[in-house]
Amino acid sequence: MDSSHPQEQHAETRLVTSGRDTKAQKGFVNPPVFHGSTVLYPTAEDLHAHRGEFQYGRHGTPTTKAFQEALMALEGPQCAGVGITPSGLAAISTTLLSVLKAGDHLLVCDNVYRPSRNFCNGMLARYGVETSYFDPLIGAGIDKLFKPNTRAVLVEAPGSQSFEMPDIRAIAEVAHGRGALVIDDNTWATPLYHRSLEQGVDISMQAATKYIGGHSDIMFGTISANARAWPQISEGIRLLGVCAGPDDVFLALRGLRTLSVRLAEHHRSGLDMARWLAGRPEVARVLHPGLETHPGHAIWKRDFTGASGLFSIVLKPAPQKAVDTMLDTLKLFGMGFSWGGFESLAIPFDCDAYRTATKWAPGGPTLRLHIGLESVDDLKADLDRGFAALNAAM
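Read on for a plain summary of the structure. (Residues numbered from 1 in each chain as written. Predicted model: local features only at pLDDT ≥ 70, side-chain atom pairs only at ≥ 80, totals over all residues. Heavy atoms only, no water.)

Quick word on the sheet that holds strand β6 (residues 203-206)
Thought 1: Pairing within the open sheet is mixed, and its seven strands lie in the order β1-β7-β6-β5-β4-β2-β3. Bordering the open sheet on either side are β1 (81-85) and β3 (130-134), each of which pairs with just one other strand. Going from strand to strand, the sheet's axes swing by 20° on average, the running direction of each strand aside.
Thought 2: Bridge count for strand β5 (residues 181-185) against β6 is three bridges, and the pairing is parallel. Directly across from I183, in β6, lies its bridge partner I203.
Thought 3: The sheet contacts of helix α3 (residues 62-75) involve β1, β6 and β7 (221-225), and relative to β1 the element is tilted by about 125°. (Pairing = 2+ DSSP bridges. Helix = DSSP H or I, 4+ residues; strand = E, 2+ residues; numbered from the N terminus. Axes fitted to C-alpha atoms, helices over the stretch in contact; angles between N-to-C directions. Contact = heavy atoms within 4.5 Å.)

Below you can see the structure in the form of structure tokens.
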């Protein structure tokens, strides 16, 4: 397989060809799964010099190398390295521990993934790192929040529940002018639809548990960094002893190969469902940046080439009992705290308890939906039955 000049190829091609060496794999398309910790050295001289492509299982195997090369090709030429972790949250915590130290100040968007917030308010606070939260829509106004010790800015575009769309380009310009790193949780769009390293982001993280794996069967995280940030990330991964299991690495690589066809279907079905829901009498608002009515649509259209299947809806005022009846009626939409797999999901949420920089007052109950790979017509019929149950329980 000749994968030379990968940047001259389309992303869909790079997903299939990068990180493959069929000659080294004895002709097989996929690399084997290397289960191992110990790597033997042929001579004492090699041992003393730590000479060898692979030195210890925690530091990587041919399987992890194949995955890293494939994701680097997808991230684009700004990517200097890819680290892998055993979960998306581990990618977040490893990144923050790698770039921050006691006495530093961190700026975090108010719509960040709640476990990220818990890590900042918990462990980082105990280690002497101060965190301030900002309105995701602040844009270049973030300049007013910088302190002399601000070292990094963490953004999430869009937020994984409320779907505000921060202007990463404007935020990055300010942050870099202040000497700070910009960190992006890019799980929603993946680098297939959002090349954030090319838009001023220094470190792009993903919960690869979601769309990279794509089948709801692994826990996995990735950290992609540019040349400025990669030495810190690489050192942090080594010092913290972070690694992922070999079977999960293999499944993540397998999922990566089909990312483009799966995400295209999530994009199409998600927008179809969002537009249908916008016309429902029970729905007050649809929070999907791909819709022209979304306040962040212009930024999404500028910076993204597609959308995933995750978005939220605000229902018109209804008692919680009626909403629960609706959820219990659904058959194709499961209730579970993840997304990115082949199945559709629906969960209620309320950001009000943990927002600090902004007020969450949507005006009605809110549901986060993940549109899977089922028939859109069947999903609409399922929600139609759910809405009927909601109305009957009012």
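Some words on the pattern of salt bridges
One side chain can pair with another of opposite charge once the charged atoms of both are near each other.
Thought 1: As enumerated under the stated definition, the model contains 20 salt bridges in all.
Thought 2: With a shortest N-O distance of 2.7 Å, D167 and R302 are connected by a salt bridge. Of the two residues, D167 sits in the loop between β4 (150-156) and α6 (168-177) while R302 sits in helix α11 (residues 297-303), which places them 135 residues apart along the sequence.
Thought 3: For R302, a relative accessible area of 42% gives the class partly exposed.
Thought 4: The partner of D382 in a salt bridge is R385, with the nearest N and O atoms 3.3 Å apart. (Salt bridge = Lys/Arg side-chain N within 4 Å of Asp/Glu carboxyl O. Buried < 20%, exposed > 50% of the residue type's maximum accessible area, 1.4 Å probe, protein only.)

A short note on the packing of aromatic side chains
Thought 1: What the rule picks out here adds up to four aromatic pairs.
Thought 2: Arranged with centres 5.7 Å apart and planes meeting at 65°, the rings of Y211 and W339 form a pair that is edge-to-face. Within this pair, whereas Y211 is found in the loop between β6 and β7, its partner W339 is found in the loop between α12 (320-329) and β10 (345-349), the two being separated by 128 residues in sequence. The pair formed by Y211 and W339 is uniform in burial state, with each residue classed as buried.
Thought 3: Above the ring of Y133, the side-chain terminus of R117 is found at 3.9 Å from the ring centroid. (Phe/Tyr/Trp six-rings, centres within 6.5 Å; stacked < 30°, edge-to-face > 60°. Lys NZ or Arg CZ within 6 Å of the ring centre and 35° of its normal.)

A few points about the pairing of β7
Thought 1: Burial runs high along β7: five of the five residues are buried.
Thought 2: Both faces of β7 are covered, namely the face carrying G221, I223 and A225 and the face carrying T222 and S224.
Thought 3: Note: β6 against β7, four bridges, orientation antiparallel. Looking at the pairing, S204 lines up with S224 of β7.

Observations concerning helix α4 (residues 88-99)
Thought 1: End to end, α4 covers 17 Å across 12 residues, agreeing with the expected 16 Å (1.5 Å per residue, within 8%).
Thought 2: Structurally, the start of α4 carries an N-cap: the backbone nitrogen of A90 is 3.0 Å from a side-chain oxygen of S87. (Expected span 1.5 Å × (residues − 1). Polar contact = N/O pair within 3.5 Å; in protein donor to acceptor, adjacent residues only side chain to side chain.)

With respect to the environment of I138
Thought 1: Following the sequence through the fold, I138 ends up in the loop between β3 and β4.
Thought 2: Linking I138 and G364, residues 226 residues apart in sequence, is a C-alpha distance of 25 Å.

Quick notes on the environment of A180
Thought 1: For A180, the position within the fold is in the loop between α6 and β5.
Thought 2: Considering only alpha carbons, one finds A180 and F146, 34 residues apart in sequence, at a separation of 9.4 Å.
Thought 3: Once residues lying within four places of it in the same chain are set aside, the contact partners of A180 are F146, T150, R151, A152, A175, D202 and R228.

What about the pairing of β5?
Thought 1: Counting buried positions along β5 yields five of five residues, so the element is predominantly enclosed.
Thought 2: Side chains L181, I183 and D185 project from β5 onto one buried face, and the interleaved V182 and D184 project onto a second face that is buried too.
Thought 3: In this sheet, β5 lies alongside β4 in parallel orientation, the contact comprising five bridges. The residue of β5 that forms the bridge with A152 is L181.
Thought 4: The parallel pair β4 and β5, bridged by α6, forms a crossover whose chirality is right-handed. (Right-handed = clockwise from strand over helix to strand, strands pointing away.)

Topic: the sheet that holds strand β9 (residues 310-315)
The pairing of strands in a sheet comes from backbone hydrogen bonds and takes either a parallel or an antiparallel form.
Thought 1: Ordered in space as β8-β9-β11-β10, the four strands form an open sheet in which the pairing is antiparallel. Two strands bound the open sheet, and with one partner strand each, they are β8 (283-287) and β10. When strand polarity is set aside, the average angle formed by the axes of neighbouring strands in this sheet is 25°.
Thought 2: Summarising the sheet, β9 and strand β11 (residues 366-370) pair through five bridges and their orientation is antiparallel. Bridged to I313 within β11 is L367.
Thought 3: Those strands touched by α12 are β9, β10 and β11, and its axis lies near 15° from that of β11.

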